[in-house]
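# A structural walkthrough
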Amino acid sequence: MDRYGLFKECFPDVPLCRTAFEELCGGCKVIECDDKGYALVKENELRLLCVSEKYRHCGIGTELLHRAEELIQKGRHTKIYAGGFSSGLFIGVPAESKEEKCIFWEKNGYVKTGSCAEMRRELSDFSADAYDIPVLDGTEFGFCKPCAELNAAVAAVDPDWVQYFKDCEVFCGYFKGEIASFCIIGDDETCLASDGRKTGSVGCVGTVPKFRRKGIGLKMAALAMEELKKRGCGSCFIHYTNVYDWYARLGCRTFLWECFYEKSI
């Protein structure tokens, strides 16, 4: 079975290239149904379920789902996630919109717990100067090493994010020397947006509450994308976001909606 070919048939809008697909599938157990479809499982996460279009509505998806659930149950897990936040593949169920209800999953006992957008920005035509983003006098931008000040700024936005800022490259916006906004940048990612070119990312973007609505965070994100372009990245991946309208102001587009489903077993 050509698993990548079937993946592209099922999800044509996802730009993932074959090499990146195979890397992201690493460590997964495969459940196949002839050449009709397959499922990928890792621990208690159902990371991918693909059924060829010509075999849909024939019970193939349900059969694969039940076989995946049996495999997960054998691992003595108490919950199954459709996707899974540790996954480099889908972290949820691909959907047409964030509001979509996936009847297939719900009729099989899964509960929807949320949704997000996966976005990308082509960088070949990107220029931060093309966006008129006024900021306050005294605002500067630059890289920041891990420190207590950074941790405090991140905690003011989301305490759960602090763990992600220990060993990464952080770009910040400063107002009169104080950290006002921050983001993690990566310049060589293997992710859903990996299309064969070098792919960058901007993630955990936040602005300290007292500095919001002053343009600092948006300007910082634009300059971070400019930096990724300088490093030879062909595109920038924005992962797991619900502020898609905000990123759209910089030309980012949603290429995939994901809905989160889980089931107790």
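Source: prediction; values computed, not measured.

### Description of the overall build of the protein
Within the protein, the regular secondary structure consists of seven helices and twelve strands. Its C-alpha radius of gyration of 20 Å places the protein within 12% of the 18 Å reference for a compact globule of 265 residues. Taken over the C-alpha atoms alone, the protein extends approximately 65 × 35 × 30 Å along its principal axes. When each of the 265 residues of the protein is scored for burial, the buried share is 48%. A separation of at least 24 residues holds for 74% of the contacts in the protein among residues at least 6 apart in sequence. Only carbon and sulfur atoms are counted for the fraction: they give 47% of the accessible area of the protein, which is about 13100 Å².

### Overview of the layout of surface pockets
Of the volumes computed, that of the largest pocket is approximately 1300 Å³. Along the walls of the largest pocket sit 43 residues, with Gly203, Cys204, Val205, His239 and Tyr240 positioned nearest its centre. Taken together, the elements giving at least two residues each to the lining of the largest pocket come down to β10 (199-207), α6 (216-230), β11 (235-241) and α7 (244-248). A per-element tally of the lining of the largest pocket places β10 first, with seven residues.

### Some thoughts on the side chain of Glu258
With respect to the secondary-structure elements, Glu258 resides in strand β12 (residues 253-264). A distance of 2.8 Å separates the side chain of Glu258 from the backbone nitrogen of Gly92, its partner in a polar contact. Those residues in contact with Glu258, other than ones at most four positions away along the chain, are Phe90, Ile91, Gly92, Val93, Gly114, Ser115, Cys116, Glu118 and Leu192.

### Notes on unusual backbone geometry
The backbone of His57 shows a phi angle near 65°, a positive value even though the residue is not glycine. For His57, the location among the structural elements is in the loop between β3 (45-51) and α3 (60-74).

### Here we look at the packing of aromatic side chains
The final tally for this structure, using the stated rule, is 18 aromatic pairs. Ring plane angle 55° and centroid distance 5.5 Å describe the contact between Tyr4 and Phe21, whose orientation is recorded as tilted. Of this pair, Tyr4 sits in helix α1 (residues 3-10) while Phe21 sits in helix α2 (residues 18-24), placing them 17 residues apart in sequence. Classification of Phe21 by relative accessible area gives buried; the value is 4%. Members of the aromatic cluster, joined through ring pairs, are Tyr4, Phe7, Phe11, Phe21 and Phe90. The lysine or arginine in question, Lys36, covers the ring of Tyr55, its NZ or CZ lying 5.4 Å from the ring centre.

Here is what the cut-offs are and how they apply
Residues numbered from 1 in each chain as written. Predicted model: local features only at pLDDT ≥ 70, side-chain atom pairs only at ≥ 80, totals over all residues. Heavy atoms only, no water. Helix = DSSP H or I, 4+ residues; strand = E, 2+ residues; numbered from the N terminus. Rg over C-alpha atoms; globule rule 2.2 N^0.38 Å. Buried < 20%, exposed > 50% of the residue type's maximum accessible area, 1.4 Å probe, protein only. Contact = heavy atoms within 4.5 Å. Areas by Shrake-Rupley, 256 points an atom, 1.4 Å probe, with all protein chains shown as cover. 1 Å grid on protein atoms, 1.4 Å probe; cavity = no way out; pocket = protein on both sides within 12 Å on 5 of 7 lines; lining within 4 Å. Points joined across faces, edges and corners; volume = space filled by probe spheres on them. Polar contact = N/O pair within 3.5 Å; in protein donor to acceptor, adjacent residues only side chain to side chain. Phe/Tyr/Trp six-rings, centres within 6.5 Å; stacked < 30°, edge-to-face > 60°. Lys NZ or Arg CZ within 6 Å of the ring centre and 35° of its normal.

Read these as geometric descriptors, not functional statements.
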